[in-house]
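# Breakdown of the fold
Listed below, chain by chain, are the residues.
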Amino acid sequence: MRILITGASGLLGLNLALEAARIRQQAGTADGGQVHQVTGIVNSHPLRTEAFEVITADLLLPGKVEQLLADNKPDWVINCAALALVDACEADPQLAYRLNVELPEKLALYVARGGARLVHLSTDAVFDGKTGNYTEKDQPNPLSVYARTKLAGEQAVAGVNPEALIARVNLFGWSLSGKRSLAEWFFNNLQAGQPLKGFTDVFFCPLLVNDLAHILLNMLETGLTGLYHVVSSDCLSKYDFGMSLARHFSFDQNLITPASVSEGNLLAARSPYLTLSSARLARDLGVSLPTVSSGLDRFYELFQQGYPQYIKGMAYGN
Ligand SMILES: NC(=O)c1ccc[n+]([C@@H]2O[C@H](COP(=O)([O-])OP(=O)(O)OC[C@H]3O[C@@H](n4cnc5c(N)ncnc54)[C@H](OP(=O)(O)O)[C@@H]3O)[C@@H](O)[C@H]2O)c1
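Conventions and cut-offs
- Residues numbered from 1 in each chain as written.
- Predicted model: local features only at pLDDT ≥ 70, side-chain atom pairs only at ≥ 80, totals over all residues.
- Heavy atoms only, no water.
- Axes fitted to C-alpha atoms, helices over the stretch in contact; angles between N-to-C directions.
- Helix = DSSP H or I, 4+ residues; strand = E, 2+ residues; numbered from the N terminus.
- Parallel < 35°, antiparallel > 145°, perpendicular 65-115°, else oblique.
- Left-handed = near helix turned anticlockwise from the far one by under 90°.
- Contact = heavy atoms within 4.5 Å.
- Nonpolar A, V, L, I, M, F, W, Y, C, P; charged D, E, K, R; others polar.
- Disulfide = S-S within 2.5 Å.
- Buried < 20%, exposed > 50% of the residue type's maximum accessible area, 1.4 Å probe, protein only.
- Core = buried A, V, L, I, M, F, W, Y, C linked by side-chain atoms within 4.5 Å.
- 1 Å grid on protein atoms, 1.4 Å probe; cavity = no way out; pocket = protein on both sides within 12 Å on 5 of 7 lines; lining within 4 Å.
- Points joined across faces, edges and corners; volume = space filled by probe spheres on them.

Glancing now at the packing of helix α8 (residues 238–248) against helix α10 (residues 292–304). With their axes 10 Å apart at the nearest point, α8 and α10 run at an angle of 40° to one another. As the angle between them shows, α8 and α10 are arranged oblique. As for the relative orientation of α8 and α10, their crossing is right-handed in sense. In this structure, α8 uses F241, S244, L245 and H248 to contact α10, whose residues at the interface are V292, S293, L296, D297, F299 and Y300. Within the contact of α8 with α10, the residues separate by chemical class into six nonpolar, three polar and one charged.

Structure, rendered in structure tokens:
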């Protein structure tokens, strides 16, 4: 399959591009298996890698999406480009709208016209988090500019491309900057011996980004369409996540103080119980989704294998 991944310098896009390219390498040595040809689009963070083809492009420029799709003729497009920083969306709602609503809508339209399949990434934050354990049938109620634009993006994509796969996710993993995910924030502070606060009143179900990558590819291979919650099979507070990470790395757990999100001085409102049910996906794929603990096992294993340095080594130019 020819896979075009937007946002390939981001936390999800980069790990996804590497996992898809790795499947290709493995398929070269084993019998059968899906052979993927991966192209990643980056914007302000150029990449140097042999693992997949990299194209630098600002997808907001007029004609860029159309040109890339015409040149590349992908079978699958996975849209990981976004303004995904919650407080940055609050500070620049117009840019958030362009990246989180207009861009996905345009991609969805042109991908459908070219006969390819689209996966669009959305977020657990479309819910207000008052109750938790949300299914795909529950009514979203976004609380921030980020969440409102992500929900509007889902609706725009589904409106022009009903066959598109829309995945509401939450994720952690190793990133290009080494600072993009909550897991890296806990890791960096704990490794430096810095005390930090963990919220006991914000719950989530994060998947290791490498696991998420495989699940998204599996969903495409299986031919799923429509809206899915793609999260871990269990959920926990951000405090418990930090404590579990500390245990995995044998860091001092006393460095993490339990705290309330109200003490966090955050610009945008956060939803407390962002726990989602992934039962629909588990049923349709016929698999159990990974647990947070198994994700942290692998996160630690990747650290031992030098994966964070491998990823950071791909950055160049800035
Ligand atoms: N991270 C999370 O915890 C989380 C949680 C829930 C949902 N999600 C969703 O998952 C998806 C991926 O998130 P992420 O955390 O991987 O995002 P990220 O790390 O912030 O990466 C965003 C990507 O978008 C690209 N981009 C931004 N503006 C662009 C433009 N004008 N043209 C082309 N590319 C542009 C960036 O490229 P450059 O950096 O090269 O400019 C970067 O590769 C998003 O849809 C997000 O809403 C993420």
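Now, onward.
Taken as a whole, this structure holds one disulfide when the rule is applied. Shown here is the disulfide that connects C205 with C235, its sulfur atoms set 2.2 Å apart. Judged by the sign of its S-S torsion, about 85°, the cystine formed by C205 and C235 is right-handed. Highlighted residues: C205 in the loop between β9 (203–204) and β10 (207–208) and C235 in the loop between β11 (226–230) and β12 (236–237), separated in sequence by 30 residues. Left unpaired, C80 is separated from the closest cysteine sulfur, that of C89, by 16 Å. Residue C80 is classed as buried on the basis of its relative accessible area, which comes to 17%. A residue is classified by how much of its surface remains accessible, and C89, at 0% relative accessible area, is buried.

In this structure, I78, M219 and V230 are the most contacted members of the largest nonpolar core, which totals 65 residues. In this structure I78 touches I3, L4, I5, T6, L16, V119, L121, L217 and L220, once residues within four positions along its chain are discounted. Ranked by size, the runner-up nonpolar core spans 34 residues in total, among them L59, F127, Y146 and C205.

It is worth spelling out the layout of surface pockets at this point. Of the pockets and cavities examined, the second largest pocket occupies roughly 150 Å³. Mapped onto the lining of the second largest pocket, the elements with two or more residues apiece are α1 (11–29), α10 and α11 (307–312). Ranked by residues supplied to the lining of the second largest pocket, first place goes to α1 with four residues. Grouping the constituent residues of the lining of the second largest pocket by class yields five nonpolar, two polar and three charged.

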